[in-house]
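Each chain, written out:
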Amino acid sequence: MLDGEIPLSAPDLSELECGLVQEVLRSGRLSNGPMIERFERLVSAHTGVRHAVGVSSGTAGLHLVLLAMGIGPGDEVITTPFSFIASSNAILYVGARPVFVDIEPKSLNMDPGYVERAITPKTKAILAVEAFGNPSHMDRYAAIAQRHELLLIEDSCEALGTTHCGRACGAFGRAGVFGFYPNKQITTGEGGMIVTDDTRLADLCRSMRNQGRAVGMPTVKPTAESPATSRAALGAWLHHERLGYNYRMSEIAAAIGVGQMRRLADIIERRQAVAQMYIDRLLDHDQIILPTIAPDSTMSWFVFVVRLVTGWTGEERNRIIAELRAHQIGAGDYFPCIHLQPFYRARFGYHPGDFPIAESVSQRTLALPFSSRTTEREVDLVCQTLSVLLNKEGITRG
Ligand SMILES: *Cc1c(COP(=O)(O)O)cnc(C)c1O
């Protein structure tokens, strides 16, 4: 038997990241230093996009992008109800209205037809999410945005390292955002990154992440050790050109990110191998629908989420999750629909039935233990246990 729990997710950290963090600690420069610039260069090179702006979280990145685009009260942003709540909350932060459209059941991303039909004179942007990292339709959303002169924001927090039609995710919109929470493909503990080809947008985000300070000004708080620059630096440090935030990423976080980016290809290869192990074992299961990867896409695999076939209820699915957990197997119900979260219902009057495909899918999803560290033995145990539980539950259902 295996010892302990099989975790739902786990970061993949190595001696490389440890060494880089030590480098930062020894340097004494813990913020606004060279490490964030290194991390930003690695992400912009990987994505093929001119600018990358490191921030304190993916959520902070989405907030800055919406602010920098000037989206605010009275504006509508078309987005998906089938996502982690941050993608839609960022729209609320700037006082705009999220306009949800239902998903397409294969990719679990917004149905492009519904996106087009939801456009009104108030629509300013489309905020697209790669659900579980699936990049399908990103090219379609980009075409719709172009045709209707809308901004496309790509919430790629689940899609670093994924490609669609030969292009890296994050690069489809006017701006893309990555997230580096410990359950993502790569982590910095907490952190995020904005990517864009738009220099004006990048500069605005750089300023707003740093309390509205001018970009290109000395950013190090002057100290007694650097008296030569202290007068000029002090002027810049306490000069604020616009309303800003403290959404900076620390040098320690950036150091972890540099190590993770250097290992990205290996991490993705490993994640693809683990996903394939699950696919091989679950392919023939008649109660399970596997994730679909379109032939024009490559997946870096944020999570491994299967779906129970039509007929299974949310309650039955939740019992399976509880039983997996009782067997020391991590499992999750990614994602409950955003429009049915209590404060969205209270504020906008949403009801069950408003987005039937998203609701039907979200009742039947099952996230299985998945990381670059998941072993073949663990996958075997998870799949065997899941099969037994599905059979048992199937019998009690009649
Ligand atoms: C993880 C995630 C985010 C951002 O998460 P943070 O924890 O703020 O870094 C945003 N959108 C989606 C779809 C995500 O999965």
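Since the model is a prediction, treat every value here as computed from it, not as a measurement. (Residues numbered from 1 in each chain as written. Predicted model: local features only at pLDDT ≥ 70, side-chain atom pairs only at ≥ 80, totals over all residues. Heavy atoms only, no water.)

Caption draft 1: Examining the side chain of Ser372 more closely. For Ser372, the position within the fold is in the loop between β13 (365-368) and α14 (376-397). Judged by its relative accessible area of 3%, Ser372 falls in the buried class. Among the polar contacts made by the side chain of Ser372, one reaches the side chain of Asp12 at a distance of 2.7 Å. For Ser372, the contacting residues outside a window of four places in its chain are Asp12, Ile267, Arg270 and Arg271. (Helix = DSSP H or I, 4+ residues; strand = E, 2+ residues; numbered from the N terminus. Buried < 20%, exposed > 50% of the residue type's maximum accessible area, 1.4 Å probe, protein only. Polar contact = N/O pair within 3.5 Å; in protein donor to acceptor, adjacent residues only side chain to side chain. Contact = heavy atoms within 4.5 Å.)

Caption draft 2: Molecular detail of the sheet that holds strand β10 (residues 288-289). Reading across the sheet, the three strands line up as β10-β12-β13 and stay open at both edges, with antiparallel pairing between neighbours. Because the sheet does not close on itself, it has two edges, and the strands there are β10 and β13. As paired elements, strand β12 (residues 304-308) and β13 share four bridges and run antiparallel to each other. Opposite Arg307, over in β13, you have Thr365 as the bridge partner. Running at roughly 20 degrees to β12, helix α10 (residues 264-282) makes contact with β10, β12 and β13 of the sheet. Each of β12 and β13 touches helix α11 (residues 314-326); the most contacted strand, β13, lies at about 15 degrees to it. (Pairing = 2+ DSSP bridges. Axes fitted to C-alpha atoms, helices over the stretch in contact; angles between N-to-C directions.)

Caption draft 3: The arrangement of the site of the ligand in detail. Near the ligand, the surroundings consist of Ser57, Gly58, Thr59, Ser83, Phe84, Ala86, Val129, Asp155, Cys157, Glu158, Lys184 and Gly191. Between the ligand and Gly58 there is a distance of 2.9 Å, counted from an oxygen atom to a backbone nitrogen or oxygen. One nitrogen or oxygen atom from the side chain of Lys184 is found 2.8 Å from an oxygen atom belonging to the ligand. Here the ligand loses 92% of its free accessible area of 380 Å² to cover by the protein chains. (Near = heavy atom within 4 Å. Areas by Shrake-Rupley, 256 points an atom, 1.4 Å probe, with all protein chains shown as cover.)

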